[in-house]
Amino acid sequence: MTAQNDGRETLTQLGRSTPMPQSPEEAELERVPAPHKGRQYVVRFTAPEFTSLCPVTGQPDFAHLVIDYIPRDWIVESKSLKLYLTSFRNHGAFHEDCSVTIAETLVKLLDPVWLRIGAYWYPRGGMPIDVFWQTGLPPEGVWIPAQDVPGYRGRG
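Since we're looking at a predicted model, the values are computed, not measured.

Visitor: What is the right way to look at the side chain of Ser52 in this model?
Guide: Summarising the element assignment, Ser52 is placed in strand S2 (residues 43-53). According to the relative accessible area criterion, Ser52 is buried, its value standing at 1%. For Ser52, the residues in contact, after removing those within four places along its chain, are Gln59, Pro60, Asp61, Phe88, Arg89, His91, Ala93, Cys98 and Trp121.

Visitor: When you look at helix H1 (residues 78-86) in this model, what are you seeing that I'm missing?
Guide: Note: α-helices contain 3.6 residues per turn, so residues at a spacing of three or four share the same orientation. Counting buried residues in H1 gives seven out of nine residues, a clear majority hidden from the surface. Of the positions making up H1, those classed as buried are Lys79, Ser80, Leu81, Leu83, Tyr84, Leu85 and Thr86. If you follow the buried residues of H1, they end up packed against S2, strand S3 (60-70), strand S4 (74-76) and helix H2 (95-110). The distance from a side-chain oxygen at the start of H1 to the backbone nitrogen of Lys79 is 2.9 Å, and the residue carrying that oxygen is Glu77.

Visitor: Help me understand the nonpolar core, please; the structure alone is not making it clear to me.
Guide: The tendency in soluble globular proteins is for nonpolar side chains to be buried as a group. Counting residues in each nonpolar core, the largest one holds 29 residues, and the members touching the most others are Phe50, Leu65, Val76, Tyr84, Leu85, Ile102 and Leu106. Elements represented by at least two residues in this core include exactly S2, S3, S4, H1, H2 and strand S5 (114-121). For this core, the element with the most residues is H2, which contributes six residues.

Visitor: When you look at the sheet that holds strand S6 (residues 130-134) in this model, what are you seeing that I'm missing?
Guide: Paired through their backbone hydrogen bonds, the strands of a sheet run either parallel or antiparallel. Pairing in this open sheet of four strands is antiparallel, and the strands run S2-S3-S5-S6 from one edge to the other. Of all strands in the sheet, those bounded by a partner on one side alone are S2 and S6. The sheet shows a mean angle of 15° between the axes of neighbouring strands, taken without regard to direction. As paired elements, S2 and S3 share nine bridges and run antiparallel to each other. Within S3, the position partnered with Thr51 by the bridge is Phe62.

Definitions and limits used
- Residues numbered from 1 in each chain as written.
- Predicted model: local features only at pLDDT ≥ 70, side-chain atom pairs only at ≥ 80, totals over all residues.
- Heavy atoms only, no water.
- Helix = DSSP H or I, 4+ residues; strand = E, 2+ residues; numbered from the N terminus.
- Buried < 20%, exposed > 50% of the residue type's maximum accessible area, 1.4 Å probe, protein only.
- Contact = heavy atoms within 4.5 Å.
- Polar contact = N/O pair within 3.5 Å; in protein donor to acceptor, adjacent residues only side chain to side chain.
- Core = buried A, V, L, I, M, F, W, Y, C linked by side-chain atoms within 4.5 Å.
- Pairing = 2+ DSSP bridges.
- Axes fitted to C-alpha atoms, helices over the stretch in contact; angles between N-to-C directions.

Interpretation note: all reported values are geometric properties and have no functional meaning in isolation.
Pasting the structure below:
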């Protein structure tokens, strides 16, 4: 794939000053053609400092997100993904809603062969909530590493 047809010309955020979107609905996820169509490989994004707001109290919630996917025709542009995830900072939703919404939004944008999200939420009220979602079974023969995010063990 050459620079002339790698999808860069369609990007509106990469390489530019881009304000933080105020909500996930305002955020613009962008994609470019997958550079290795026909090959099955895993792309992983890790967001160890994801934040959103509790929809009831307005207090901040924190999570460590791990998103794995096997591209088909598209890959997500990473700056747009970072801005999309950051847009949840002002968004009130329960942990389960944030986690599954992120995954389903990426599936709709990318139509990947396979995608999973592990959302490891830090405790509020003494109870961590971890949310896991995937599109189905991964294809055979693809190495998919463990997410290796340790479970919450409390203090001391």
